[in-house]
Amino acid sequence: RKGEWLESWDPENEETWDKGLAWKTLWVSTFTLTLAFSSWFLASAIAPKLTNLGFDLTTDQLYWLVAIPGLAGGLMRLLWMVLPPIMGTRKMVTLTTLLLIIPVLGWAIVVQDPATPYWMLLSGIGGGAFSGFMPSTSYFFPRRMQGTALGLQAGIGNFGVSLVQLLTPWIIGFSLIGILGGSQQMVAAPGKQPVTVWYQNAAYIYV
């Protein structure tokens, strides 16, 4: 364990507090948290269009696809909140990042196949990260700066929700990442011609 844990770390003591390391840790973890929120809400950006892509899903199933990530994220916060003092911030952020790749990459693959079973569309890991990242950040800053640090992390991290909602309708229209999967025909509205889209872009761009 030597070298993995900070020693004599007291943010309230200017002589032992490494300000540069604290801010570096904040920005790295905030960037990861932003992607965590993006992956968490990816389902809500993709699910409403699945039937237009040829998926045979009921209205109830579509609602559950959007609701389950919130339920899963809430339950997983009970786990993530105890990870910082057990694993340390570096390992926790690394583990979270690797776990996030699973559902996001999964969405990129399955969204191209309308025959995908319903259970394979369920996700929600990203929502749990919040409860681990926030207490971790509080360890790195003196009390007089914790409000600023936590505010930046929470504010920028939650921007991941808006990011995925704003960018998804735009990036699915580009064949830029077409080499990773073919285009799909999306029925935009009854009586209108299908629109060519690359819905896998919505996930691959975050990977």
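Sequence order as written defines residue numbering, which begins from 1 separately in each chain. Thresholds applied to this predicted model are a pLDDT of at least 70 for local features of residues and 80 or more for the giving and counting of side-chain atom pairs; totals over whole chains, interfaces and linings are not thresholded and use all residues. Side-chain numbers come from the whole structure's heavy atoms, not from hydrogens or water.

Participant: Could you give an account of the overall build of the chain, with specific residues and numbers?
Facilitator: Numbering of helices and strands starts at the N terminus; helices are DSSP runs of H or I of at least 4 residues and strands are runs of E of at least 2. Secondary structure assignment for the chain yields eight helices and two strands. Going residue by residue from the N terminus, the α and β elements of the chain occur as α-α-α-α-α-α-α-β-β-α. Dimensions of the chain along its principal axes, counting C-alpha atoms only, are 70 × 30 × 30 Å. The rule is simple: take the accessible area with a 1.4 Å probe, protein chains only, and divide by the maximum for that residue type; under 20% is buried, over 50% is exposed, in between is partly exposed. By the burial criterion, 42% of the 207 residues in the chain qualify as buried. Residue contacts are counted whenever heavy atoms from the two residues lie within 4.5 Å of one another. Partitioning the contacts of the chain with sequence separation of at least 6, the portion at a separation of at least 24 is 76%. Carbon and sulfur atoms form 65% of the exposed surface of the chain, whose accessible area is close to 11300 Å². As used throughout, the charge tally considers Lys and Arg to be positive and Asp and Glu to be negative, leaving His and the chain termini uncounted. Each charge is placed at NZ for Lys, CZ for Arg, CG for Asp and CD for Glu. Taken as two groups, the 11 positive and 10 negative side-chain charges of the chain have centres that lie 3 Å from each other. Here the accessible surface of atoms and residues is derived via Shrake-Rupley with a 1.4 Å probe, and residues count as covered only by protein chains that are part of the display.

Participant: Please provide a residue-by-residue account of helix 7 (residues 143–171), values included.
Facilitator: Three- or four-residue spacings in an α-helix give side chains the same orientation, since the helix completes a turn every 3.6 residues. Taking 1.5 Å of rise per residue, 29 residues should cover 42 Å, and helix 7 covers 41 Å from first to last C-alpha, within 8% of that figure. To obtain the bend at a residue, axes are fitted to the seven residues ending there and to the seven starting there, and the angle between these axes is taken. In the structure, helix 7 departs most strongly from a straight axis at Ser162, where the bend amounts to approximately 30°. All buried positions along helix 7 are accounted for by Met145, Ala149, Gln153, Ala154, Gly157, Gly160, Val161, Val164, Thr168 and Ile171. Where helix 7 is buried, its residues contact helix 1 (19–40), helix 2 (42–46), helix 6 (130–140) and helix 8 (201–204). To estimate the expected span of a helix, subtract one from its residue number and multiply by 1.5 Å.

Participant: Outline helix 1, supporting the account with residue identities and numerical values.
Facilitator: The end-to-end C-alpha distance of helix 1, which contains 22 residues, comes to 31 Å, matching closely the 32 Å that a straight helix rising 1.5 Å per residue would cover. Any pair of N or O atoms that falls within 3.5 Å is considered a polar contact. Within protein, one atom must be able to donate a hydrogen and the other to accept it, and sequence-neighbouring residues count only if both atoms are side-chain atoms. The opening residue of helix 1 is Asp18, an N-cap whose side-chain oxygen sits 3.2 Å from the backbone nitrogen of Gly20.

Participant: Account for the confidence of the model for the chain, with residues named and values stated.
Facilitator: Each residue carries a pLDDT value, the predictor's own confidence for that position, ranging from 0 to 100. Chain-level statistics for the chain give a pLDDT mean of 86 and a share of 94% at 70 or above. For the chain, per-element mean pLDDT is lowest for strand 1 (residues 184–186), which scores 75, and highest for helix 1, which scores 92.

Participant: Give a description of the nonpolar core that names residues and reports values.
Facilitator: By convention a nonpolar core is built from buried Ala, Val, Leu, Ile, Met, Phe, Trp, Tyr and Cys residues, the set being connected through side-chain atoms within 4.5 Å. In this structure, Leu42, Ile46, Leu50, Leu53, Trp107 and Tyr199 are the most contacted members of the largest nonpolar core, which totals 25 residues. Listing elements by their share of this core, those giving two or more residues are helix 2, helix 3 (59–80), helix 5 (89–110) and helix 8. The greatest single-element share of this core, amounting to four residues, is contributed by helix 5. Apart from the residues lying within four places of it in its own chain, the contact partners of Leu50 are Phe55, Leu57, Leu62, Leu65, Trp107, Val111 and Leu121.

Participant: Residue-level account of the pattern of salt bridges, with values.
Facilitator: By definition here, a salt bridge exists when the distance from a side-chain nitrogen of Lys or Arg to a carboxyl oxygen of Asp or Glu is within 4 Å. For the structure shown, the criterion picks out one salt bridge. In this structure, Glu14 engages Arg144 in a salt bridge whose closest nitrogen and oxygen atoms are separated by 2.9 Å. With Glu14 in the segment before helix 1 and Arg144 in helix 7, the pair connects residues that are 130 residues apart, well separated along the chain. On the basis of relative accessible area, Arg144 is assigned to the exposed category, the value being 56%.

Participant: Explain the packing of aromatic side chains residue by residue, including any values.
Facilitator: Planes of paired rings set the category: under 30 degrees apart is stacked, over 60 is edge-to-face and the rest tilted, where pairs are Phe, Tyr or Trp rings (Trp by its six-membered ring) whose centres lie within 6.5 Å. Scanning all chains against the criterion turns up seven aromatic pairs. Relative to Phe141, the ring of Trp17 lies with its centre 6.2 Å away and its plane at 65°, an arrangement referred to as edge-to-face. Here the residue Trp17 occupies a position in the segment before helix 1, and Phe141 occupies one in the loop between helix 6 and helix 7, the gap between them amounting to 124 residues. On the numbers, 5.5 Å between centres and 65° between planes, the contact of Phe37 with Trp40 is edge-to-face.

Participant: Go over a nonpolar patch on the surface with me, naming the residues and quoting the values.
Facilitator: Each patch is built from residues lacking any salt bridge and having more than 30% relative accessible area; the joining distance is 9 Å for like charges and 5 Å for nonpolar side chains (Val, Leu, Ile, Met, Phe, Trp, Tyr). A cluster of nonpolar side chains, namely Leu71, Leu75, Leu78, Leu79, Met81, Val82 and Ile86, defines an oily patch on the protein surface of about 700 Å² accessible area. Tallying contributions element by element places helix 3 first for the nonpolar patch, with four residues. Mapped onto the elements, Leu79 comes out in helix 3. With relative accessibility at 48%, the residue Leu79 sits in the partly exposed group.

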